[in-house]
Amino acid sequence: FKFKRKHIRKAQRSDQDYQTGTKEIKGSLIPGTMILVVKNKAFKALHIYYTTRSHNPLKKMQSLIALCNNLIRILFSIGKKQFTFQEDKMLKDIPHMATFVVHQTVAQFSGF
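In this report, we go over the structure that sits alongside the text. Everything numeric in this text was worked out from a predicted model, so none of it was measured. (Residues numbered from 1 in each chain as written. Predicted model: local features only at pLDDT ≥ 70, side-chain atom pairs only at ≥ 80, totals over all residues. Heavy atoms only, no water.)

In this section: the overall build of the protein. Broken down by element type, the protein carries six helices and zero strands. Counting from the amino terminus, the protein carries its helices and strands in the arrangement α-α-α-α-α-α. Every one of the 112 residues in the protein was classed for burial, and the buried ones make up 23%. For the protein, contacts bridging at least 24 residues in sequence account for 58% of all contacts bridging at least 6. (Helix = DSSP H or I, 4+ residues; strand = E, 2+ residues; numbered from the N terminus. Buried < 20%, exposed > 50% of the residue type's maximum accessible area, 1.4 Å probe, protein only. Contact = heavy atoms within 4.5 Å.)

Here you go:
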């Protein structure tokens, strides 16, 4: 009987117990990613793609969190492999971005 009671208490724990440190991480990564979206062409193209894609478009904050994930992966690989970041190479490595970037450039120049 005691085992069952302990098991029930564990099930009633809130998610807050397991989310330690997320405020600090979000507080530093999301503003940094917002700056990257404004200043960096590759991150801006990814943000536009995530928010405007036809299948499962993300909301703006969801897109920023996805870009935070990309930023962490990029920073980890730069630290591990010691190379310089190249925007064009990043966009070419993502299969769905190659067609999206082509459509974006066509849409930009079609207004002329």
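Taken as a whole, this structure holds two aromatic pairs when the rule is applied. Look at Phe-43 and Phe-85: their rings are 6.4 Å apart centre to centre, the planes differ by 40°, and that puts the pair in the tilted class. One end of the pair, Phe-43, is in helix α3 (residues 41–52); the other, Phe-85, is in the loop between α4 (60–81) and α5 (87–93), with 42 residues separating them in the sequence. Given a relative accessible area of 2%, Phe-43 falls into the buried group. Seen in terms of ring centroids, Tyr-49 and Tyr-50 are 5.9 Å apart; in terms of plane orientation they differ by 55°. Their pairing is tilted. We note that Tyr-49, like Tyr-50, is buried. (Phe/Tyr/Trp six-rings, centres within 6.5 Å; stacked < 30°, edge-to-face > 60°.)

Right, let's get into the nonpolar core. For soluble globular proteins, nonpolar side chains are generally found buried alongside one another. Ranked by internal contacts, the top residues of the largest apolar core, which has 19 residues, are Phe-43, Leu-46, Tyr-50, Leu-67, Met-90, Leu-91 and Met-97. For this core, the secondary-structure elements that each account for two or more residues are α2 (22–39), α3, α4 and α5. Excluding its chain neighbours within four sequence positions, the residues that come into contact with Phe-43 are Leu-36, Val-37, Leu-67, Leu-71, Ile-74, Phe-85 and Met-90. (Core = buried A, V, L, I, M, F, W, Y, C linked by side-chain atoms within 4.5 Å.)

In this structure, Asn-56 takes a positive phi of about 60° despite not being glycine. Here Asn-56 falls in the partly exposed class, since its relative accessible area comes to 48%. In this structure, Gln-82 is a non-glycine residue whose phi angle is positive, near 55°. Turning to its location among the elements, Gln-82 is positioned in the loop between α4 and α5.

Once that is clear, we can look at α4. Look at α4: 31 Å from first C-alpha to last across 22 residues, which is about the 32 Å you get at 1.5 Å a residue. Every buried residue of α4 is accounted for by Ser-63, Leu-64, Leu-67, Cys-68, Asn-70, Leu-71, Ile-74 and Ser-77. Gln-82 lies just past α4 and shows a positive phi near 55°. (Expected span 1.5 Å × (residues − 1).)

Residue placement: Thr-33 occurs in helix α2. Relative accessible area serves as the criterion here: at 0%, Thr-33 is assigned to the buried category. With residues up to four places along the chain from it excluded, the contact list for Thr-33 reads Leu-64, Leu-67, Cys-68 and Leu-71.

Before going further, it helps to spend a moment on the packing of α3 against α4. At a closest axis distance of 9 Å, the pairing of α3 and α4 adopts a crossing angle of 140°. One finds that α3 runs oblique with respect to α4. With respect to the hand of their crossing, α3 and α4 are arranged in right-handed fashion. Together, Phe-43, Leu-46, His-47, Tyr-50 and Thr-51 of α3 and Lys-60, Ser-63, Leu-64, Ala-66, Leu-67, Asn-70, Leu-71 and Ile-74 of α4 make up the contact between the two elements. (Axes fitted to C-alpha atoms, helices over the stretch in contact; angles between N-to-C directions. Parallel < 35°, antiparallel > 145°, perpendicular 65-115°, else oblique. Left-handed = near helix turned anticlockwise from the far one by under 90°.)

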